[in-house]
Amino acid sequence: MKAIVINEYGHKEQLQEQEVEKPTPGKGEVLVQTKATSINPIDWKIREGYLRQMVEFDFPLILGWDVAGIVAETGEGVTSYQKGDRVFARPDLTGKGTYAEYTLVAEHLLAPLPENVSFEEGAATPLAGLTAWQCLTDVTRVQEGEKVLIQAGAGGVGSYAIQFAKELGAYVATTGSTKNVDFLKSLGADEVIDYTKDDFAEVLNDYDVVFDMLGGDVLDKAFDVLKKGGRLVTIAGQPDEEKAKANDIEATSFWLEPDGKQLKEIADLMEAGKVKANIGHRYPLTTEGLQEAHGLSETHHAKGKIVINA
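This text gives an overview of the structure that appears in the document. (Residues numbered from 1 in each chain as written. Predicted model: local features only at pLDDT ≥ 70, side-chain atom pairs only at ≥ 80, totals over all residues. Heavy atoms only, no water.)

## What to know about the nonpolar core
Moving on, step 1. In this structure, Tyr-99, Ile-150, Phe-164 and Phe-211 are the most contacted members of the largest nonpolar core, which totals 78 residues.
Moving on, step 2. Take this core: its biggest share by element is eight residues, from helix 3 (residues 126-139).
Moving on, step 3. Among residues more than four places away in sequence, those in contact with Phe-211 are Thr-131, Ala-132, Cys-135, Leu-136, Leu-149, Ile-150, Gln-151, Val-157, Ala-161, Val-233 and Ile-235.
Moving on, step 4. One finds Leu-149, Ile-193, Val-210 and Val-225 within the second-largest nonpolar core, a separate group that totals 16 residues. (Core = buried A, V, L, I, M, F, W, Y, C linked by side-chain atoms within 4.5 Å. Buried < 20%, exposed > 50% of the residue type's maximum accessible area, 1.4 Å probe, protein only. Helix = DSSP H or I, 4+ residues; strand = E, 2+ residues; numbered from the N terminus. Contact = heavy atoms within 4.5 Å.)

Dropping the structure here:
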C-alpha cells in the first residue's frame, strides 16, 4: 500500500511516499481503509525527533494519529464493527500511523462516524476533539455558569474547546488575532481578546478555568486571571507548581488518552449539529501534500484543522 513515511528524524523533506506492506488485523483489531487523516503538532514534533525521549520508533515511521474511513477487515474477536462501516478514531501512538491507505485500530478506540458527518470532518476530530473534551470534562470538570478562558481558540483544539465549553454551560472567553475575531464568535465565544491589541491578563480576572495551548509566558500569566481555587490545564508545558500552590490553583499538564467511548459522545454532538469540525486547509496524501501541510502546522497559525485526503 501507499504510505508517506520518514526514514530518519529531520525536517519536513524527510516525508516521502513509499510502498509498505499492508497490515493484517490481529485479535481485537480493525483494518480501516483511510479516507482522510489530519495534521497535529505531535506529528512534526515526532518527525523532528523532539519526543524521542518519550517514545522511540523504528523506521520507516508512518506518522499520523487521526483517521476516518471504512472498515476493510476485522480481526479475531471483533464484534462491534463489520466490513463497510464508516468509522473514525485516534489510534494508539504506534509507528504505523495514518498517513497511509490502510491503518490498524484497536476496536475499543473506534467510534461510528455519523452519516451526516463527512470523512474530512471525522478525520479533523479525534485527537483535537478528545484533547479538548478530556481537558474540560475529566481534568478541569467545567460546570454550568463557570467562566472559562480558552487560549488560541482558532486552532484545532481551541475550536473544539470553545464549542464543548459552551455545551457545558460555561461563559467562554478566548484569545485570537484580529482576522479570527468573527470566526471565534461564530463558534460561540462570549468574549474574544484580540492578542494583537490587548493582553488577556489585563482584561480578564476571576476565572474558574484556564485551558492553555501555548505555554511559556502565556502559561505563566494564566495564573493572573484565575480566582483562588481555580483550575488550570495546559497541553504546552509544565505549570509553575509554586505559583499554583501559592494561589490554591489546581494546575495540570495534560497528555491525551485515546478513548472510543468518549469519541462516540463527541460524534453524537456532531450528529445533532451541536458541534462542528472546522477545516481550514486540505492537502492530498502525497509527498508534496504532507510536506506543505507540516510546514503550515509548524507556523502555529493554521486556522482550524489541516486535513489530508487519501
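Next comes the rest of the account.
## Digging into unusual backbone geometry
Moving on, step 1. The linkage connecting Phe-59 with the following residue, Pro-60, adopts the cis geometry, with an omega of 0 degrees.
Moving on, step 2. With respect to the helices, strands and loops of the structure, Pro-60 is situated in the loop between helix 1 (41-48) and strand 4 (61-62).

## What about the layout of surface pockets?
Moving on, step 1. Roughly 1300 Å³ of internal volume is contained in the largest pocket.
Moving on, step 2. Taken together, 46 residues make up the lining of the largest pocket; nearest its centre are Pro-41, Met-213, Leu-214, Ile-235 and His-300.
Moving on, step 3. Class assignment of the residues belonging to the lining of the largest pocket gives a composition of 22 nonpolar, 16 polar and eight charged.
Moving on, step 4. Estimated volume of the second largest pocket: approximately 290 Å³.
Moving on, step 5. For the second largest pocket, the lining is made up of 18 residues, of which Pro-23, Thr-94, Lys-96, Gly-97 and Leu-104 are closest to its centre.
Moving on, step 6. The leading source of residues in the lining of the second largest pocket is strand 7 (residues 102-106), at five residues.
Moving on, step 7. The residue inventory of the lining of the second largest pocket, partitioned by class, reads 11 nonpolar, three polar and four charged. (1 Å grid on protein atoms, 1.4 Å probe; cavity = no way out; pocket = protein on both sides within 12 Å on 5 of 7 lines; lining within 4 Å. Points joined across faces, edges and corners; volume = space filled by probe spheres on them. Nonpolar A, V, L, I, M, F, W, Y, C, P; charged D, E, K, R; others polar.)

## Focus on the pairing of strand 1 (residues 2-6)
Moving on, step 1. A large share of strand 1 lies buried, amounting to five of its five residues.
Moving on, step 2. By the alternation rule, side chains of strand 1 split into Lys-2, Ile-4 and Ile-6 and Ala-3 and Val-5, which are all buried.
Moving on, step 3. Inspection of the sheet shows strand 1 paired to strand 2 (residues 16-19) by four bridges, in the antiparallel sense. Its bridge partner being in strand 2, Ile-4 is matched across the sheet by Glu-17. (Pairing = 2+ DSSP bridges.)

## Structural notes on the packing of helix 3 against helix 4 (residues 156-167)
If you want to describe how two helices pack, look at the angle between their axes and the distance between the axes.
Moving on, step 1. Running from N to C, helix 3 and helix 4 cross one another at 45 degrees; their axes reach a closest spacing of 8 Å. Comparing their axes, helix 4 and helix 3 come out oblique. Pair helix 3 / helix 4 crosses with right-handed handedness. Facing Ala-128, Gly-129, Thr-131, Ala-132, Trp-133 and Leu-136 of helix 3, the residues of helix 4 in contact are Gly-156, Val-157, Tyr-160, Ala-161, Phe-164 and Ala-165.
Moving on, step 2. A breakdown of the residues in the contact of helix 3 with helix 4 according to their chemical character gives nine nonpolar, three polar and no charged. (Axes fitted to C-alpha atoms, helices over the stretch in contact; angles between N-to-C directions. Parallel < 35°, antiparallel > 145°, perpendicular 65-115°, else oblique. Left-handed = near helix turned anticlockwise from the far one by under 90°.)

## Details of the pairing of strand 9 (residues 147-150)
Moving on, step 1. Examined bridge by bridge, strand 9 and strand 10 (residues 171-176) share four bridges and lie parallel to one another. Looking at strand 10, one finds that Leu-149 is bridged to Ala-173.
Moving on, step 2. You can see the chain leave strand 9, run along helix 4 and come back into strand 10, and the turn it takes is right-handed.
Moving on, step 3. Pairing of strand 9 with strand 12 (residues 207-212) involves three bridges; the strand directions are parallel. Considered in strand 12, the bridge of Val-148 is made with Val-209. (Right-handed = clockwise from strand over helix to strand, strands pointing away.)

## Quick notes on the sheet that holds strand 1
Moving on, step 1. Overall, antiparallel pairing links the three strands, which are arranged 2-1-4 in an open sheet. At either margin of the open sheet sits one strand with a lone partner, and together these are strand 2 and strand 4.

## Thoughts on the sheet that holds strand 14 (residues 250-253)
Moving on, step 1. Reading across from one edge, 11-10-9-12-13-14 is the order of the six strands in this open sheet, with parallel pairing throughout. On the outer flanks of this sheet lie strand 11 (191-194) and strand 14, each paired with one strand and no other. Direction aside, the axes of adjacent strands within the sheet are offset by 15 degrees on average.
Moving on, step 2. Sheet strands in contact with helix 3 are strand 9, strand 12, strand 13 (226-234) and strand 14, and its direction is about 150 degrees off that of strand 12.

## Details of the pattern of salt bridges
Moving on, step 1. Overall, the coordinates contain 13 salt bridges when judged by the stated rule.
Moving on, step 2. Where Arg-47 meets Glu-48, a salt bridge forms, and the shortest distance between an N and an O atom there is 2.8 Å. Residue Arg-47 shares its accessibility class with Glu-48, and that shared class is buried.
Moving on, step 3. Lys-227 serves as the salt-bridge partner of Asp-208, at 3.0 Å between the closest nitrogen and oxygen. You can see Asp-208 sitting in strand 12 and its partner Lys-227 sitting in strand 13, a full 19 residues away along the chain.
Moving on, step 4. Under the relative-accessibility criterion, Asp-208 is labelled buried at 9%. (Salt bridge = Lys/Arg side-chain N within 4 Å of Asp/Glu carboxyl O.)

## Notes on helix 3
Moving on, step 1. Counting buried positions along helix 3 yields 12 of 14 residues, so the element is predominantly enclosed.
Moving on, step 2. Listed in full, the buried residues belonging to helix 3 are Pro-126, Leu-127, Ala-128, Gly-129, Leu-130, Thr-131, Ala-132, Trp-133, Gln-134, Cys-135, Leu-136 and Val-139.
Moving on, step 3. Just past helix 3, the residue Arg-141 takes up positive phi, approximately 50 degrees.

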